[in-house]
Every structure is written in C-alpha cells, then in structure tokens.
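Overview (structure and organization)
Chain by chain, the residues:
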Amino acid sequence: QQQVKQSPQSLIVQKGGISIINCAYENTAFDYFPWYQQFPGKGPALLIAIRPDVSEKKEGRFTISFNKSAKQFSLHIMDSQPGDSATYFCAASSNSGGSNYKLTFGKGTLLTVNP
Amino acid sequence: DGGITQSPKYLFRKEGQNVTLSCEQNLNHDAMYWYRQDPGQGLRLIYYSQIVNDFQKGDIAEGYSVSREKKESFPLTVTSAQKNPTAFYLCASTPRGGHIQYFGAGTRLSVL
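Here's a quick rundown of the structure. Note that the structure is a prediction, hence the values are computed from the model and not measured.

Residues and elements named next belong to chain A. With respect to topology, five strands assemble into an open sheet ordered 1-3-8-7-6, the strand pairing being antiparallel. Only two strands of the sheet have a single partner each, and these edge strands are strand 1 (4-7) and strand 6 (56-59). On average, adjacent strands in this sheet sit at an angle of 15 degrees to one another, irrespective of strand direction. Direction of pairing for strand 6 relative to strand 7 (residues 62-67): antiparallel, over a ladder of four bridges. Note that in strand 7 the partner of glutamate 59 across the bridge is phenylalanine 62.

Time to look at the interface of chain A and chain B. The interface of chain A with chain B comprises 25 residues on the first partner and 25 residues on the second. At the surface where chain A touches chain B, the tally comes to five residue pairs in polar contact (both at pLDDT 80 or more). At the level of elements, strand 4 (33-38), strand 9 (86-95) and strand 10 (101-105) of chain A are the ones that each hand at least two residues to the side of chain A that touches chain B. At four residues, strand 10 of chain A tops the list of elements feeding residues into the side of chain A that touches chain B. Within the side of chain A that touches chain B, the residues separate by chemical class into nine nonpolar, 11 polar and five charged.

Residue and element names in this part refer to chain B. Among the structural elements, isoleucine 51 can be located in strand 5 (residues 42-51). When the C-alpha positions of isoleucine 51 and histidine 29 are compared, they lie 9.5 Å apart, and in sequence the two are 22 residues distant. If sequence neighbours within four positions are ignored, isoleucine 51 has contacts with Asp30 and Arg68.

So, on to the sheet that holds strand 1 (residues 4-7) of chain B. The strands making up a sheet associate through hydrogen bonds between their backbones, and the pairing can be parallel or antiparallel. Residues and elements named next belong to chain B. In spatial order, the strands read 1-3-8-7; together these four strands make up an open sheet with antiparallel pairing. The outermost strands of the open sheet, each flanked by one partner alone, are strand 1 and strand 7 (64-66). Sheet twist, expressed as the average angle between the axes of neighbouring strands with direction ignored, equals 20 degrees. Bridging between strand 3 (residues 19-25) and strand 8 (residues 76-78) involves three bridges; their strand directions are antiparallel. The residue bridging valine 19 from the neighbouring strand is valine 78, located in strand 8.

So, about the pairing of strand 9 of chain A. Here is the key point about a regular strand: its side chains alternate between the two faces of the sheet. Residue and element names in this part refer to chain A. Burial analysis of strand 9 places eight of its 10 residues in the buried class, which makes it a mostly covered element. Pairing of strand 4 with strand 9, which is carried by four bridges, proceeds in the antiparallel orientation. Residue pairing for strand 9: glutamine 38 is matched across the bridge by threonine 87. Relative to strand 11 (residues 109-114), strand 9 runs antiparallel, the two sharing three bridges. Residue pairing in the sheet places alanine 86 in a bridge with leucine 111 of strand 11.

So, about unusual backbone geometry. Of note, the bond from Ser7(A) into Pro8(A) is cis; its omega dihedral lies within 30 degrees of zero at -5 degrees. Tracing the backbone shows Pro8(A) in the loop between strand 1 and strand 2 (10-14). In the segment running from Ser7(B) into Pro8(B), the intervening peptide bond is cis, with an omega of -10 degrees. For Pro8(B), the position within the fold is in the loop between strand 1 and strand 2 (10-13). Residue Asn28(B) is not a glycine yet carries a positive backbone phi of 60 degrees. In this structure, Asn28(B) sits in the loop between strand 3 and strand 4 (31-38). The backbone of Asn53(B) shows a phi angle near 65 degrees, a positive value even though the residue is not glycine. Residue classification places Asn53(B) among the exposed positions, given a relative accessible area of 62%.

This part takes up the side chain of Gln37(A). Residues and elements named next belong to chain A. When you line up the elements, glutamine 37 lands in strand 4. For glutamine 37, a relative accessible area of 15% puts it in the buried group. Side chain to side chain, glutamine 37 and tyrosine 88 meet in a polar contact 2.9 Å long. Residue contacts for glutamine 37: discarding those within four places in its chain leaves Gly43, Pro44, Ala45, Leu47, Asp84, Ala86, Thr87 and Tyr88.

Procedures and definitions
- Residues numbered from 1 in each chain as written.
- Chains lettered and ligands numbered in written order.
- Predicted model: local features only at pLDDT ≥ 70, side-chain atom pairs only at ≥ 80, totals over all residues.
- Heavy atoms only, no water.
- Pairing = 2+ DSSP bridges.
- Helix = DSSP H or I, 4+ residues; strand = E, 2+ residues; numbered from the N terminus.
- Axes fitted to C-alpha atoms, helices over the stretch in contact; angles between N-to-C directions.
- Contact = heavy atoms within 4.5 Å.
- Polar contact = N/O pair within 3.5 Å; in protein donor to acceptor, adjacent residues only side chain to side chain.
- Nonpolar A, V, L, I, M, F, W, Y, C, P; charged D, E, K, R; others polar.
- Buried < 20%, exposed > 50% of the residue type's maximum accessible area, 1.4 Å probe, protein only.

Right, dumping it as structure tokens:
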C-alpha cells in the first residue's frame, strides 16, 4: 500500500516557468511533510518542509501548499532554472516509537528545466 | 566536517556472495536508516535503528541484515538471499526527536 502518492512522474518546464509537483497521503498520523531534492548520483537533501497546522510555506522560489482536509500538499518552484533539474521527493513523517520518526516517501518526480 | 559517509561509492557482487556497505556518521545522531532506491520506485526503507544494539525491519528487509554496535556506525549486509540486489543504497540519520533525515552520498551496488 503506497501511503504517499506523488505526481507527475516526470515534468518538463521551460526556464522561467512554474514547476508544480503534487502529493497525496492517507495516514492522518503523519505530522511533518518535507520535500527532498536529489541530483544524479547524490543523496537526497532537504529542500523545504511544512507542518499540518500551516497552509503555506515559502522559501525563496520554493513554496509548499498544504490542504489538510484534502490530505494533499504540493511544491511550487517559481522562475524555474536549469539548475533546478533534479528528482524531487515528497515525504511524510510519523512516529516510529520512542522519540524518533520514520519518513514515507513518494516515488519521485524527475524535473527537467529547459534553457 | 560533520556528515554521513558511505563507502564504497561503487560495489560489485558476485552471485552467492555477501557484501557489506558501510555507513558512518559524526553528527551524534541517535537514529540511522537504510534505504534502497530503484528507478521510479522512490526510497524504500530496509532497516532502521533508534539506539545502539537495537534495530527494526523496514518495508523490504528480506535478504538484508544490519548491526548497530556503535552509535556512529550502521553497516548493511546484502546477503546471497537477496536475489535482486542491484540498486542505489542510501544511509540516513536523524537527531533524537528530529523529523529531518540527513543522507549520505549513496553506494551503487551491481551484480557481476
């Protein structure tokens, strides 16, 4: 059972355009929603994250929109640049027992920004 | 420099062979995780450990084993029972009570 569904699988955007990646979740116990960026041959790195009591968070060109009632959240990349070309993963965090948490990842979106 | 070090970067396994992937962190993080990444499949959790000498199975633990004898180290062994081991393996860690996982650069395992 896939607990975090991510779409689209791939996305091609022109330089300067807006990239939008969507995720949906089922488990209402999730309480933290990070986005990771991964370049080829590298490990994922945290891009931006949001808690469910906030509807939107913006950091530079990157914005997360969160809809708790619909159990959906999305990443918007404004003024997309060729350097943004990477794979993006949404994730959701839940308590794994004790004081630590587990992340459940979406399957990823390969973003290509054409110059 | 603080961080997570995975080695080797590339590894080749012969049929029937066990291989061990190294993961070391100097971030003083309590929890450590191993993921497997296949194209189009995202990151799937193999094993995780919240404290020394304790670890739990993730979603795809069959054919893998781990140990956590030191806080800094969480090696993953890919056993001969894992029939499809070719993948990119990622190690991550997180501080006590933290949501954010920090990843190493990965090890790419291939079968000869």
